[in-house]
Amino acid sequence: MYSEAREVSRDTLPVIPVGGLCSSNPSERQAVGDALRAACSETGFFYCVDHGVPQGLIEAVLAESRAFFSLPADAKAALDKARSPCNRGYEPLRNQTLEAGAPPDLKEGFYIGAEQREEDAVHFNQGPNQWPRDMTGFRPAMMAYFSALTIVAERLMRGIALSLGLEESFFDLFCRDPQATLRLLHYPPQPPDPQPGEKGCGAHTDFGGLTLLLQDENGGLQVRGPDDAWIHATPVPGSFVVNLGDMIARWTNDRYRSTLHRVVNISGKDRYSVPFFHSGNPDYVISCLPGCLAPGESPRYPVVTVQEHLREMYQRTYGR
Ligand SMILES: O=C(O)CCC(=O)C(=O)O
Ligand SMILES: [Fe+2]
């Protein structure tokens, strides 16, 4: 048994139906903004339901992901992201260390982004994807899901603008031609004899703007609660677990939380999850938002562009 899991608290995370953001009635949109404000300032994590993404598409993504990770090791190695100039493709087990000082993460992954020709790529992480051969349903499912989640993230950013008392369109430029990554993850069961601190995914905060996570029924995600106890983000069917990344904490001078989380797969089964990271336009400048500084308070973070910030975070967790 994973000893640190004893710290887990029974608190749950808020469930927010976000369908009201599509309403023509401004007060229904604002009501979602109000619910977001509470979740973003208290836990930094919530379950997003009524998001409009078809269940059939969600199931197809999980099925294709399971099929991909079941491929023989050499088929996966042929798509190693070390071969990609833009961090796309397969990431072997224990390749990333999300918690400084802990052993590498017990997960394997596959990275997908917006499809772009190498010669057209100008920013960090832009370029072509690598795709598995002989899996005809994989690419269409992933690209359809990528587009659907981009729309949900844009809509949520409008809700977050409302939650902060800003114009609903405040983040529209941030959302233009966004840097976004879809990451398929497979966590083998936690070994019976882990090294100290060894787990699926080390405790970390996310780098970007919003993360929308699809998880299977096995559970394992744990979120650091306001009282510093770990909360199980128990799977809620049909939901995405949404959390705020470091960029939103920078923007709001920590009024909104980029919360620590980790994965310990104690289910005894293989766990599959699919985070979608929305980080916004690479050239967008992140500086403290109007309304997030009390009189006499100074910004805690220097001004950076999205691209500068992401580059630094990749460097930190991959050691390159
Ligand atoms: O797999 C999960 O539940 C979480 C993954 C995660 O936190 C990440 O990839 O940043
Ligand atoms: Fe994360």
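Remember, it's a predicted structure, so these values are computed and weren't measured experimentally. (Residues numbered from 1 in each chain as written. Chains lettered and ligands numbered in written order. Predicted model: local features only at pLDDT ≥ 70, side-chain atom pairs only at ≥ 80, totals over all residues. Heavy atoms only, no water.)

(A) Here's a closer look at the sheet that holds strand β4 (residues 108–113). On the basis of which strands lie adjacent, the open sheet formed by 8 strands has the order β1-β2-β10-β7-β12-β5-β4-β3 and mixed pairing. The sheet is open, and its two edges are formed by β1 (15–17) and β3 (89–91), each paired on a single side. Shown here is a sheet whose adjacent strand axes are inclined to one another by a mean of 25°, direction ignored. Set on the sheet, helix α2 (residues 55–69) makes contact with β3, β4, β5 (179–187), β7 (210–215), β10 (240–244) and β12 (271–280); between it and β12 the angle comes to about 115°. (Pairing = 2+ DSSP bridges. Helix = DSSP H or I, 4+ residues; strand = E, 2+ residues; numbered from the N terminus. Axes fitted to C-alpha atoms, helices over the stretch in contact; angles between N-to-C directions. Contact = heavy atoms within 4.5 Å.)

(B) Structural context of the pairing of strand β2 (residues 45–49). In terms of burial, β2 is largely enclosed, as 5 of its 5 residues are buried. The alternating pattern of β2 places Phe45, Tyr47 and Val49 and Phe46 and Cys48 on opposite faces, both of which are buried. Pairing of β1 with β2, which is carried by 3 bridges, proceeds in the parallel orientation. Residue pairing across strands places Val15 opposite Tyr47, the latter belonging to β2. Since β1 and β2 lie parallel, the crossover through helix α1 (residues 26–42) that links them has a hand, and here it is right-handed. Of the pairings in the sheet, the one linking β2 to β10 comprises 4 bridges and is antiparallel in character. Along β10, the bridge assignment pairs Phe45 with Asn243. (Buried < 20%, exposed > 50% of the residue type's maximum accessible area, 1.4 Å probe, protein only. Right-handed = clockwise from strand over helix to strand, strands pointing away.)

(C) Summary view of the coordination of the iron ion (ligand 2). At this site the iron ion (ligand 2) is bound by His204 (NE2), Asp206 (OD) and His261 (NE2), with donor distances of 2.1 Å. Here the donor residues of the iron ion (ligand 2) share one chain and are spaced in sequence as H-x1-D-x54-H. Accessibility classification places His204 together with Asp206 in one group, the buried group. (Donors = N, O, S within 2.8 Å, 3.2 Å for Na, K, Ca; no water.)

(D) How the structure looks around the pattern of salt bridges. According to the stated counting rule, one finds 14 salt bridges in the structure shown. Between Asp105 and Lys107 there is a salt bridge; the shortest N-O distance is 3.3 Å. Per residue, the accessibility class of Asp105 equals that of Lys107, and both read buried. Here Arg255 and Glu297 are joined by a salt bridge, their closest N and O atoms 2.9 Å apart. (Salt bridge = Lys/Arg side-chain N within 4 Å of Asp/Glu carboxyl O.)

(E) Here's a closer look at the UniProt feature "domain: Fe2OG dioxygenase" (unreviewed entry) in the protein. UniProt records the feature "domain: Fe2OG dioxygenase" (unreviewed entry) at residues 177–280, using the numbering of this structure. Annotation note: span residues 177–280, helix share 6%, strand share 42%, distance between end C-alpha atoms 7 Å. (UniProt positions renumbered as here; feature names shortened; annotations may be inferred.)

(F) Structural context of the site of ligand 1. In the vicinity of ligand 1 there are 13 residues, among which Arg183, Tyr187, His204, Arg271 and Ser273 approach most closely. Between ligand 1 and Arg183, the relevant distance is 2.6 Å, taken from an oxygen atom to a side-chain nitrogen or oxygen of the residue. Residue His204 places a side-chain N or O atom 3.0 Å away from an oxygen atom belonging to ligand 1. Alone, ligand 1 offers 290 Å² of accessible surface; in the complex the protein occludes 97% of this. Those elements giving two or more residues to the shell around ligand 1 turn out to be β5, β11 (261–263) and β12. The dominant element in the shell around ligand 1, judged by the number of residues it contributes, is β12, at 4 residues. (Near = heavy atom within 4 Å. Polar contact = N/O pair within 3.5 Å; in protein donor to acceptor, adjacent residues only side chain to side chain. Areas by Shrake-Rupley, 256 points an atom, 1.4 Å probe, with all protein chains shown as cover.)

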